[in-house]
2 protein chains.
Amino acid sequence: MRFTSERRLDDTVLERAFTLGDIPGFLWTPVSASAAAPVPLILLSPPPLGLRRVYPRLVERARGSAADGFATATIELPGKGDRPRWPAAERAAADLRRAMEAGRPVGEEIIDALVLPLVDASAPEWRAALDAFLALPEVGGPVGYSGGVIALGTRLAVVEPRISAAVLFAGSFVPRASFEEARRVTIPLHVLLQWDDEGNDRQAALDLFDAFGSPEKTLHANMGGHTGVPPFAGEAAARFFTRHLK
Amino acid sequence: MRFTSERRLDDTVLERAFTLGDIPGFLWTPVSASAAAPVPLILLSPPPLGLRRVYPRLVERARGSAADGFATATIELPGKGDRPRWPAAERAAADLRRAMEAGRPVGEEIIDALVLPLVDASAPEWRAALDAFLALPEVGGPVGYSGGVIALGTRLAVVEPRISAAVLFAGSFVPRASFEEARRVTIPLHVLLQWDDEGNDRQAALDLFDAFGSPEKTLHANMGGHTGVPPFAGEAAARFFTRHLK
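Predicted model only: the values in this text are computed from it and were never measured. (Residues numbered from 1 in each chain as written. Chains lettered and ligands numbered in written order. Predicted model: local features only at pLDDT ≥ 70, side-chain atom pairs only at ≥ 80, totals over all residues. Heavy atoms only, no water.)

Novice: Even after reading the chapter, I still don't get the overall build of chain A, so can you show me in this structure?
Specialist: A count of helices and strands for chain A gives seven helices and nine strands. What you see for chain A is a C-alpha radius of gyration of 17 Å, in line with the 18 Å of a compact globule of 246 residues. Overall, the C-alpha framework of chain A stretches about 55 × 40 × 30 Å when taken along its three principal axes. Buried positions account for 55% of the 246 residues belonging to chain A. Residue pairs in contact within chain A that sit at least 24 positions apart in sequence constitute 68% of those at least 6 positions apart. For chain A, the exposed area adds up to about 10,500 Å²; of that, 54% sits on carbon and sulfur atoms. (Helix = DSSP H or I, 4+ residues; strand = E, 2+ residues; numbered from the N terminus. Rg over C-alpha atoms; globule rule 2.2 N^0.38 Å. Buried < 20%, exposed > 50% of the residue type's maximum accessible area, 1.4 Å probe, protein only. Contact = heavy atoms within 4.5 Å. Areas by Shrake-Rupley, 256 points an atom, 1.4 Å probe, with all protein chains shown as cover.)

Novice: Please clarify how the packing of aromatic side chains should be interpreted in this entry.
Specialist: Working definition: an aromatic ring pair is given by the centre-to-centre distance plus the angle between the planes. Residue and element names in this part refer to chain A. Evaluation of the coordinates by the stated rule reveals 13 aromatic pairs over all chains. For the ring pair Trp 28 and Tyr 55, a centre distance of 6.5 Å and an interplane angle of 45° mean the geometry is tilted. Of this pair, Trp 28 sits in strand 3 (residues 23–30) while Tyr 55 sits in helix 1 (residues 51–67), and the two are 27 residues apart along the sequence. Taken together, the ring pairs connect Phe 26, Trp 28 and Tyr 55 into an aromatic cluster. Residue placement shows Arg 16 over the ring face of Phe 3; its charged tip is 4.7 Å from the ring centre. (Phe/Tyr/Trp six-rings, centres within 6.5 Å; stacked < 30°, edge-to-face > 60°. Lys NZ or Arg CZ within 6 Å of the ring centre and 35° of its normal.)

Novice: So what exactly am I meant to see when it comes to the relation of the copies chain A and chain B here?
Specialist: Two copies of the chain are present, and they differ by a rotation about an axis and a shift along that axis. Rotating chain A by 180° about the axis while translating it 0.0 Å along that axis superimposes it on chain B, leaving an RMSD of 0.0 Å. The superposition of one copy onto the other is thereby described by a two-fold rotation axis. If distances are taken from each C-alpha of chain A to the rotation axis, the shortest is found for His220(A), at 2.4 Å. The fraction of interface residues of chain A whose copies in chain B are also interface residues reaches 100%, indicating that both copies meet through the same surface. (Least-squares fit on C-alpha atoms with pLDDT ≥ 70 in both.)

Novice: Whenever I open this one, the interface of chain A and chain B confuses me. Can you help?
Specialist: Interfaces are frequently sized by the accessible area removed from exposure as the parts join. Facing the 18 residues of chain A at the interface are 18 residues of chain B. Contact with chain B buries area across many residues of chain A, yet Trp195(A), Met223(A) and Phe232(A) alone supply 30% of it, more than any other trio. Where chain A meets chain B, there are two salt bridges. Note that Asp210(A) and Arg202(B) form a salt bridge whose closest N and O atoms lie 3.3 Å from each other. Summed over the shared surface of chain A and chain B, the result is nine residue pairs in polar contact (both at pLDDT 80 or more). Elements supplying a minimum of two residues to the side of chain A that touches chain B: helix 6 (202–211), strand 9 (217–222) and helix 7 (231–245) of chain A. If one sorts the elements of the side of chain A that touches chain B by residue count, strand 9 of chain A sits on top with six residues. Two strands pair when backbone bridges link them, and strand 9 of chain A and strand 9 (residues 217–222) of chain B are joined in this way by five bridges, in the antiparallel orientation. Opposite Thr218(A), over in strand 9 of chain B, you have Asn222(B) as the bridge partner. (Buried area = accessible area lost by both parts, 1.4 Å probe. Salt bridge = Lys/Arg side-chain N within 4 Å of Asp/Glu carboxyl O. Polar contact = N/O pair within 3.5 Å; in protein donor to acceptor, adjacent residues only side chain to side chain. Pairing = 2+ DSSP bridges.)

Novice: Any chance you could explain helix 4 (residues 150–159) of chain A here in plain terms?
Specialist: Because each turn of an α-helix spans 3.6 residues, side chains separated by three or four positions end up pointing in the same direction. All names here are of chain A. Most of helix 4 sits out of view: eight of its 10 residues are buried. Taken residue by residue, helix 4 has Ile 150, Ala 151, Leu 152, Gly 153, Thr 154, Arg 155, Leu 156 and Ala 157 as its buried positions. Close packing links the buried residues of helix 4 with strand 4 (39–45), helix 3 (108–134), strand 6 (139–147), strand 7 (163–169), helix 5 (176–182) and helix 6.

Novice: Whenever I open this one, empty space enclosed by the protein confuses me. Can you help?
Specialist: The gaps of empty space that remain are located by a probe, the size of a water molecule, rolled over the atoms. Per the stated rule, a full pass over the model turns up one cavity of 30 Å³ or more. Residue lining of the largest cavity: 13 residues in total, with Phe232(A), Ala236(A), His190(B), His220(B) and Arg243(B) positioned closest to the centre. Looking at the lining of the largest cavity, the elements that each hand over two or more residues are strand 9 and helix 7 of chain A together with strand 9 and helix 7 (231–245) of chain B. Among the residues making up the lining of the largest cavity, the classes are represented as five nonpolar, five polar and three charged. (1 Å grid on protein atoms, 1.4 Å probe; cavity = no way out; pocket = protein on both sides within 12 Å on 5 of 7 lines; lining within 4 Å. Points joined across faces, edges and corners; volume = space filled by probe spheres on them. Nonpolar A, V, L, I, M, F, W, Y, C, P; charged D, E, K, R; others polar.)

Novice: Just to check I follow, could you spell out unusual backbone geometry for this structure?
Specialist: Leaving glycine out, the prevailing phi sign among residues is negative, and the prevailing peptide bond configuration is trans. All names here are of chain A. Between Gly 141 and the following residue, Pro 142, the backbone shows a cis peptide bond with an omega angle of -10°. Turning to its location among the elements, Pro 142 is positioned in strand 6. Located in the positive-phi region is Asp 10, a residue other than glycine, with phi close to 55°. Relative to the helices and strands, Asp 10 resides in the loop between strand 1 (2–9) and strand 2 (13–20). When its relative accessible area of 54% is taken as the criterion, Asp 10 is described as exposed.

Novice: Help me understand the pairing of strand 5 (residues 71–75) of chain B, please; the structure alone is not making it clear to me.
Specialist: In the case of a regular strand, side chains alternate between the two sheet surfaces. All names here are of chain B. Most of strand 5 sits out of view: five of its five residues are buried. Because side chains alternate across strand 5, one face comprises the buried residues Ala 71, Ala 73 and Ile 75, and the other comprises Thr 72 and Thr 74, equally buried. Both strand 3 (residues 23–30) and strand 5 contribute to a ladder of four bridges, which runs antiparallel. When the sheet's bridge partners are listed, Phe 26 is paired in strand 5 with Thr 74. Of the strand pairs in this sheet, strand 4 (residues 39–45) and strand 5 are connected by three bridges, and their pairing is parallel. Looking at the pairing, Leu 41 lines up with Ala 71 of strand 5.

Given below as structure tokens:
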């Protein structure tokens with residue numbers, strides 16, 4: 001991991017941009033974090049829109065998490081932002097768009113083609129990034145995951161034992177394979193669902209919540225569309241992390 | 001309202017037993033509440049098991065609410081505890097028990113016979129009790145409702161304009177009429193659902209949540225059975241009241 005820039009936000013948060021191989025990302029740490037006082041880490045998985053576009057949302061959450069005593073970090077998803085284009089993923093996204101614009105049901109093949117390669121490619125990248133973050137003396141465990149693409153969060157919750165609690169946003173398509181993976185998840189989960197999310201299948205989200213094997217799992221459903229998560233729901237998710245990672 | 005006994009809990013909460021006509025009940029107020037500093041009120045509607053049986057749960061919530069600066073109050077439901085027996089309600093409960101023990105689906109007639117008379121009889125009693133509570137100088141508004149029988153909470157949210165926010169526990173049968181009433185509810189709602197509640201119809205609870213007309217409504221679903229609401233879910237409900245009644 002190579003840091004490419006560094007600045008302070010409000011004198012309380014240190015923001016560092018980095019590259020990990022050819023993957024760009026950001027690490028935010030409370031300025032008070034040190035080798036003598038390492039802080040737990042929350043992996044902040046972005047929605048698949050490119051880091052530049054979602055940066056304002058991420059940095060707002062990074063500030064809140066730093067105030068709660070957490071480091072946060074994110075990396076660019078494959079095919080997004082400044083990373084090399086990924087023609088197969090773009091074709092799958094175009095197929096999805098056409099189906100939705102035509103008002104056709106979004107078939108399982110389209111969802112599989114859209115989501116599974118993204119999960120397969122990015123899960124190992126997040127694990128490698130986690131190695132790098134935890135090698136920093138000011139970052140310790142435990143590790144939480146807060147994310148974006150629910151199939152990726154599900155995969156990481158299964159394959160990455162260092163993640164001990166996750167906030168999952170039920171706002172993206174769920175491939176069939178994720179329901180099977182979900183049964184193998186055992187860490188505490190806090191699932192956010194926007195009840196009137198235009199592009200989301202509410203029943204699939206409820207079925208996925210039901211499928212998770214975790215003894216502690218909580219669903220917080222709120223009114224409004226995809227981007228309308230109310231502030232109090234964000235605060236509840238933050239309290240979930242404080243409960244499990246401190 | 002006639003107070004029949006009074007005692008202090010931990011020197012911080014004043015517990016008063018009362019009768020309102022022939023209806024027994026309890027009022028809990030922070031000892032710091034006064035005419036000069038009246039506190040908001042939460043109506044604590046009990047599950048239909050008789051106040052004596054649920055007293056430990058109620059008093060625990062009353063203590064927590066008092067610490068948050070709220071008065072709480074409850075009254076006995078008709079046909080329960082020391083109130084006169086209600087043969088029709090007992091027959092409906094027996095019909096329900098037989099259907100469940102035989103593994104038969106619980107028909108709409110059984111649910112209507114069990115729940116609607118209870119709602120029709122008790123809603124006016126809660127409104128009369130609210131008159132009495134608000135006549136006390138140490139109790140002010142706004143008023144919240146936290147309850148037990150979700151059809152009763154739905155009715156009161158429609159007919160009682162002094163209730164400005166409600167926590168509803170989706171743990172009892174929902175008569176058809178409640179879905180229609182739910183569309184007319186507009187106050188902020190916080191709905192608790194135990195995902196594996198043995199005696200509860202999860203789909204009916206989700207449908208009722210969907211039906212509520214409130215622009216702000218939140219569903220908190222947690223693992224476990226009917227009485228297994230985790231402590232953090234109770235704390236989240238308390239924060240909902242603090243957000244809306246303070």
